[in-house]
Amino acid sequence: MRQIINFLIKNKHFLLFLMLLLISLIFTIQSHSYHKSKFISSTNFLTGGIYNWRHSVSHYFGLKKENERLLIENEHLRNQLSSLTIDSFAVKHTDSTSFKTPFVFTKSLVIKNDYSKIDNYILIDKGENHSVFADMGVITDKGIIGIIENTSKNYSRVISILNSNSRINAGLKKSNQYGSLTWNGKDPNIVQLETIPRQAIIREGDTIITHGRSTIFPKGIGIGTILSYKLNQNKSYYEIDVKLFNDMTNIGFVYTIENKNAIEIKSLEK
C-alpha cells in the first residue's frame, strides 16, 4: 500500500495531466457529432476485431467436430452417387425404382501411414466389427489409397499403392485401354502404369482411373495424371509415370469399399 501511495505522489503531475486530458476528450466527443461518430467507428473496429478473433479461435477448435459431420455426409453422398452410372443419365426410366449398386462406402481414420519404405502399409480404425474385410478397396475423396490385406475386430491393415507387391487395374479415362498400376519405390507422389499397348493415344496430363476390371474398385475412381511416358524395350507397351491425386504422405480420413457381389463374381471366375 505504501508503494502505491509513493507512486501516486511521485507521479502526481503526470497523472493529473492524464485525468484532465481524458476529461477534455470526453467533453469534446459529447459536444461534437463528428468526433463522436469517429469514436464510435473506432470502438466498433476494435470490438469487431476482438469478436472476429474469438470466433476464429472457437471455429478452429470446432473443426474436428465439423470434419466428422462432413465425413458422415460425404459417406452418405458417395453411397448415393455410386448407384448412378453413365447409362442412368442417358436413358429415361419409366418407373420410380431407385438405382441399386453393389458398392458400399464406409469412412475410416488412418492411424498409421508408411510411405518411406519399399513395401508400405497403412493402418485404419475399422475392422470386422464394422463389416470391413480383406480385399476391399480404400480411397479418399481424391483417389485410391490401397487394398485391405488383413483385418482384426476393430482394425485393418492396408497394402498401400506405395508397395512393391501392389498391382491394381488402371487405365486411361478417355479410352478402354488399361494396364497394371505399380510402384518402383522411388517417389511417394509418383506411381507407374504398365502394359498400356502402344496403340493407345496418350498425352501428358491425361487422367488415369480405375477401370473396374476387378471386384475391388468400381470404375472411375481417380488415381492421377500422366507425368511422362515412353515405350518399353520391346516397343510394344508404354511405361508411364503417374502423378498421384493424393498426397500419400498426408492421409487422414479414408473410405473402404465393399462390393456386395464380390463372392458371387469370384465363384464364377473359378
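Everything numeric in this text was worked out from a predicted model, so none of it was measured. (Residues numbered from 1 in each chain as written. Predicted model: local features only at pLDDT ≥ 70, side-chain atom pairs only at ≥ 80, totals over all residues. Heavy atoms only, no water.)

**Some points on the side chain of Asn259**
Now for step 1: Tracing the backbone shows Asn259 in strand S12 (residues 253-259).
Now for step 2: A polar side-chain atom of Asn259 sits 3.1 Å from the main-chain carbonyl oxygen of Thr215.
Now for step 3: Within polar-contact distance, the side chain of Asn259 engages the backbone nitrogen of Asn261 at 2.9 Å.
Now for step 4: Apart from the residues within four sequence positions on either side, Asn259 is in contact with Pro102, Phe103 and Thr215. (Helix = DSSP H or I, 4+ residues; strand = E, 2+ residues; numbered from the N terminus. Polar contact = N/O pair within 3.5 Å; in protein donor to acceptor, adjacent residues only side chain to side chain. Contact = heavy atoms within 4.5 Å.)

**Structural notes on the pattern of salt bridges**
Now for step 1: What the rule picks out here adds up to six salt bridges.
Now for step 2: For Asp114, the salt bridge goes to Lys117, with nearest N and O atoms at 3.7 Å.
Now for step 3: Judged by its relative accessible area of 15%, Asp114 falls in the buried class.
Now for step 4: Across the pair Glu258 and Lys260 runs a salt bridge, and its minimum N-O distance is 3.4 Å.
Now for step 5: Note on Lys260: relative accessible area 53%, which makes it exposed. (Salt bridge = Lys/Arg side-chain N within 4 Å of Asp/Glu carboxyl O. Buried < 20%, exposed > 50% of the residue type's maximum accessible area, 1.4 Å probe, protein only.)

**Details of the confidence of the model for the chain**
Now for step 1: Residue-level pLDDT values for the chain average 80, and 72% of them are 70 or greater.
Now for step 2: Counting interchain partners and residues more than four positions distant, the pLDDT-below-50 stretch residues 85-99 has seven contacts. (pLDDT = per-residue confidence, 0-100.)

**Description of the sheet that holds strand S6 (residues 168-172)**
Now for step 1: Taken in spatial order, the six strands close into a barrel running S6-S7-S8-S11-S10-S9, and their pairing is antiparallel. Adjacent strand axes in the sheet meet at a mean angle of 40° when their direction is disregarded.
Now for step 2: Pairing of strand S8 (residues 190-197) with strand S11 (residues 237-244) involves six bridges; the strand directions are antiparallel. Pairing of Ile190 across the sheet is with Lys243, part of S11. (Pairing = 2+ DSSP bridges. Axes fitted to C-alpha atoms, helices over the stretch in contact; angles between N-to-C directions.)

**Overview of the sheet that holds strand S1 (residues 103-113)**
Within a sheet, neighbouring strands are paired by backbone hydrogen bonds and run either parallel or antiparallel to one another.
Now for step 1: If you trace the six strands once around the closed barrel, you get S1-S2-S5-S4-S3-S12, paired in antiparallel fashion. The mean angle between the axes of side-by-side strands here comes to 45°, regardless of whether they run parallel or antiparallel.
Now for step 2: Where strand S2 (residues 119-124) lies against strand S5 (residues 156-163), five bridges are found, and the strand directions are antiparallel. Bridge pairing in S5 links Leu123 to Arg157.

**As for the pairing of S2**
Now for step 1: Sheet topology places S1 next to S2; three bridges connect them, and they run antiparallel. Counted as the bridge partner of Val110 is Ile124 from S2.
Now for step 2: Linkage of S1 to S2, two consecutive antiparallel strands, is achieved through a turn of five residues.

**Regarding the packing of aromatic side chains**
The way to describe two aromatic rings as a pair is by their centre distance and the angle between their planes.
Now for step 1: As enumerated under the stated definition, the model contains one aromatic pair in all.
Now for step 2: When the ring of Tyr229 is compared with that of Tyr238, the centres are 5.7 Å apart and the planes differ by 85°; the resulting orientation is edge-to-face.
Now for step 3: Given a relative accessible area of 35%, Tyr229 falls into the partly exposed group.
Now for step 4: It is Arg157 that lies over the ring of Tyr121; its NZ or CZ is 3.5 Å from the centre. (Phe/Tyr/Trp six-rings, centres within 6.5 Å; stacked < 30°, edge-to-face > 60°. Lys NZ or Arg CZ within 6 Å of the ring centre and 35° of its normal.)

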